[in-house]
Amino acid sequence: MTDPAAPSRLAPTFARMKRWPLGRWLFARVVCWRAPYFATIAPRFLVLKPDRCEVEISDRRRLHNHLGTVHAIALCNLAELAGGMMMEAGTPRGMRWIPRGMAVEYLKKAAGTMHAVATPLAAIETREAGYEVPMDVEIRDPADAPVFRARIAMWVSPRRAERAGAP
C-alpha cells in the first residue's frame, strides 16, 4: 500500500525523462494526452518541482487574437497548466486537488514566446479536511517583461478511501 503522505512521482519522472533525447517533448505529449485541451497551446516543460513549474509556449498564429498577439485565453490555459502541474508534483499521494477559481491581470500585449512560472503561496500537505492553496503564476515575454498574472485558488482535500471490495 502506498503511503498517503508520500510525495508524487511526477517531478522525479520529469527529471528522468528530460535527460532523454526528446524526453521533454514526450513528457508534454503524455500530459496533453491526459488533459487534451492543453494540446491547443503546445506546451514545453522547462522545470517541474513540487514548489515550482516553468512552461513555455511559442508565439503561433493559431494562438493569436484579432490584434495578432497571443490570445488571453491561451495565456489562461498556460497559467492553469503550469499551476496544475506544480500542484500535481507537490501534492502528497493521499490528497487530491482541483482549481477553485482564478483571478487574472492582463498587463500588456503578449507577443513572442511566453514563459510561465507557477509558485505556491502556502505549503501543500496532508490534512484531515480540505483547504485552499493559493498560487501565483506570472507569464513573461521574450524581453522578460510581465504580460500576465494569475492568482489561482487550488482546493486540496483527502482522497476518498478505496471502495470496499474494489479491485
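None of these values were measured; they are calculated from a predicted model. (Residues numbered from 1 in each chain as written. Predicted model: local features only at pLDDT ≥ 70, side-chain atom pairs only at ≥ 80, totals over all residues. Heavy atoms only, no water.)

Colleague: Explain the layout of surface pockets to me, please; I cannot follow it from the model alone.
Modeller: Gaps left between atoms are located by rolling a probe of water-molecule size over the structure's atoms. Estimates place the volume of the second largest pocket at around 430 Å³. Around the second largest pocket, the lining comprises 17 residues; the ones closest to its centre are Val 31, Arg 34, Ala 35, Met 85 and Glu 88. Those elements that provide at least two residues to the lining of the second largest pocket are helix H1 (10-17), helix H2 (23-34), helix H3 (72-90) and strand S3 (95-106). Among the elements that line the lining of the second largest pocket, the one with the most residues is H3, at 5 residues. Within the lining of the second largest pocket, the residues separate by chemical class into 12 nonpolar, 2 polar and 3 charged. (1 Å grid on protein atoms, 1.4 Å probe; cavity = no way out; pocket = protein on both sides within 12 Å on 5 of 7 lines; lining within 4 Å. Points joined across faces, edges and corners; volume = space filled by probe spheres on them. Helix = DSSP H or I, 4+ residues; strand = E, 2+ residues; numbered from the N terminus. Nonpolar A, V, L, I, M, F, W, Y, C, P; charged D, E, K, R; others polar.)

Colleague: Would you explain the packing of H1 against H2 in this entry?
Modeller: Each packed pair of helices is defined by two parameters, the angle between the axes and the distance between the axes. With their axes 8 Å apart at the nearest point, H1 and H2 run at an angle of 140° to one another. Here Leu 10, Phe 14 and Met 17 of H1 lie close against H2, whose contacting residues are Gly 23, Arg 24, Leu 26 and Phe 27. (Axes fitted to C-alpha atoms, helices over the stretch in contact; angles between N-to-C directions. Contact = heavy atoms within 4.5 Å.)

Colleague: How do you make sense of the environment of Pro 142 when you look at a structure like this?
Modeller: By secondary structure assignment, the location of Pro 142 is in the loop between strand S5 (131-140) and strand S6 (146-158). Among the residues examined, Pro 142 registers a relative accessible area of 61% and is labelled exposed. Ignoring anything within four residues of it in the chain, the contact list for Pro 142 reads Ala 111, Gly 112, Thr 113 and Met 114. (Buried < 20%, exposed > 50% of the residue type's maximum accessible area, 1.4 Å probe, protein only.)

Colleague: How do you make sense of the nonpolar core when you look at a structure like this?
Modeller: Note on soluble globular proteins: their nonpolar side chains tend to be buried together. Judged by nonpolar contacts, the single largest core of 45 residues is most densely connected at Phe 27, Phe 45, Cys 53, Met 85, Met 114, Val 137 and Ile 139. The set of elements that each furnish at least two residues to this core consists of H1, H2, strand S1 (44-49), strand S2 (52-57), H3, strand S4 (114-120), S5 and S6. The greatest single-element share of this core, amounting to 11 residues, is contributed by H3. Among all residues touching Phe 27, those that are not within four sequence positions of it are Leu 10, Phe 14, Met 17, Phe 45, Leu 48 and Met 85. (Core = buried A, V, L, I, M, F, W, Y, C linked by side-chain atoms within 4.5 Å.)

Colleague: How do you make sense of the pairing of S6 when you look at a structure like this?
Modeller: As a general feature of sheets, a regular strand has side chains that alternate between the two faces. Note that S3 and S6 share 11 bridges and pair antiparallel. Opposite Met 102, over in S6, you have Ile 152 as the bridge partner. Relative to S6, S5 is paired through 10 bridges, and the arrangement is antiparallel. Note that in S6 the partner of Met 135 across the bridge is Ile 152. In textbook terms, the turn of a hairpin is the stretch between consecutive antiparallel strands, and for S5 and S6 this stretch comprises 5 residues, one of which, Asp 144, has a positive phi near 65°. (Pairing = 2+ DSSP bridges.)

Colleague: Would you mind showing me how to read H1 here?
Modeller: Helical periodicity: at 3.6 residues per turn, an α-helix aligns residues three or four positions apart in one direction. Considered for burial, the residues of H1 that qualify are Leu 10, Ala 11, Phe 14 and Met 17. All buried residues of H1 project into a common sector of 130° when viewed along the axis, lining one side. The inward-facing, buried residues of H1 abut H2, S1 and H3. (Arc of directions from axis to C-beta.)

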